[in-house]
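# Examination of the molecular architecture
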Amino acid sequence: MSQPSLILYSDANFFSPYVMSAFVALTEKGIPFELEKVDLANAENLKENYSAISITRRVPTLTNGAFVLSESSAIDEYVEELFPAPTFPAIYPADPENRAKAREVQAWLRSDLMPIREERSTEVVFAGAKRPALSTNGQQAAEKLYAAAAFLLGDKEHLFGEWCIADVDLALMINRLHLNGDPVPEKLAAYADAQWQRPSVKEWLALSA
């Protein structure tokens, strides 16, 4: 395999949970990559330079030479396939059913629980912001999150026994609430705290500090 030339495009504040997922995936693999900032506040993503790179005009976008890929879960899966275990550390479960479930969790977190994402922005997670009490819809979404997370985790330390990238994505959603001071079941709060101590996650958090 030729030496990869990977560039990951991120929001300038490093507040994007989706860039975080791709960043952690690449970092866990131990693959060298460059990190380029895109100033979303000034609509840099809509300008010619960036739109010529990313057809979605969103972050994250990953380039590998002439190949360009957007959307974080697609990037995670690409990185796993391009740099497979056991040569590189795995970021998805080896078992096909668990791998499918991990992708299910990722897809769910990106497409559902909108009240949590609206009422607990990533400024709570990465900048220490505090938000008022959840609305009724927010409370319902939180209860849904807690029930699903508790069911998936059971008595395990990680979702599928061994750590995978879906653990970081789930922990981030829990931390939208936990880091705001909302009541979170003790086991889920401890799970999110443990994920936040992972070296690859701490490396990301240092960028937004």
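Heads up: these notes are all about the structure in this document. These numbers come from a predicted model, not from an experiment. (Residues numbered from 1 in each chain as written. Predicted model: local features only at pLDDT ≥ 70, side-chain atom pairs only at ≥ 80, totals over all residues. Heavy atoms only, no water.)

What follows deals with the pairing of strand 2 (residues 33-38). When a strand is regular, its side chains alternate between the sheet's two faces. As paired strands, strand 1 (residues 6-11) and strand 2 are joined by 6 bridges and run parallel to one another. Among the inter-strand pairings, aspartate 11 is bridged to a residue of strand 2, identified as valine 38. (Pairing = 2+ DSSP bridges. Helix = DSSP H or I, 4+ residues; strand = E, 2+ residues; numbered from the N terminus.)

The next point concerns empty space enclosed by the protein. All chains considered together, the criterion is met by 1 cavity of 30 Å³ or more. Taken as a whole, the largest cavity encloses approximately 100 Å³ of empty space. What lines the largest cavity is simply Pro17, Tyr18, Leu109, Arg110, Arg117, Asp169, Leu172, Met173 and Arg176. For the lining of the largest cavity, the element with the highest residue contribution is helix 8 (residues 165-178), accounting for 4 residues. Considering only residue class, the lining of the largest cavity consists of 5 nonpolar, no polar and 4 charged. (1 Å grid on protein atoms, 1.4 Å probe; cavity = no way out; pocket = protein on both sides within 12 Å on 5 of 7 lines; lining within 4 Å. Points joined across faces, edges and corners; volume = space filled by probe spheres on them. Nonpolar A, V, L, I, M, F, W, Y, C, P; charged D, E, K, R; others polar.)

Looking at the secondary structure, you find arginine 120 in the loop between helix 5 (114-119) and helix 6 (122-127). Discounting chain neighbours no more than four positions away, the residues touching arginine 120 are Arg131, Pro132, Ala133, Leu134, Arg176, Leu177, Asn180 and Asp182. (Contact = heavy atoms within 4.5 Å.)

Below, the discussion takes up the packing of aromatic side chains. Remark: the centre distance and the inter-plane angle together describe each pair of aromatic rings, the angle taken between the planes. Counted by the stated rule, this structure contains 8 aromatic pairs. Their ring planes at 25° and their centres at 6.1 Å tell us that phenylalanine 15 and phenylalanine 126 sit as a pair that is stacked. Placement of phenylalanine 15 in the loop between strand 1 and helix 1 (17-29) and of phenylalanine 126 in helix 6 is noted, with a sequence separation of 111 residues between them. Per residue, the accessibility class of phenylalanine 15 equals that of phenylalanine 126, and both read buried. Where phenylalanine 23 meets tryptophan 204, the ring centres are 5.3 Å apart and the plane angle is 55°; that geometry is what we call tilted. A residue pair is termed long-range when its members are at least 10 positions apart, and phenylalanine 23 in helix 1 and tryptophan 204 in helix 10 (residues 199-208) qualify at 181 residues. (Phe/Tyr/Trp six-rings, centres within 6.5 Å; stacked < 30°, edge-to-face > 60°. Buried < 20%, exposed > 50% of the residue type's maximum accessible area, 1.4 Å probe, protein only.)

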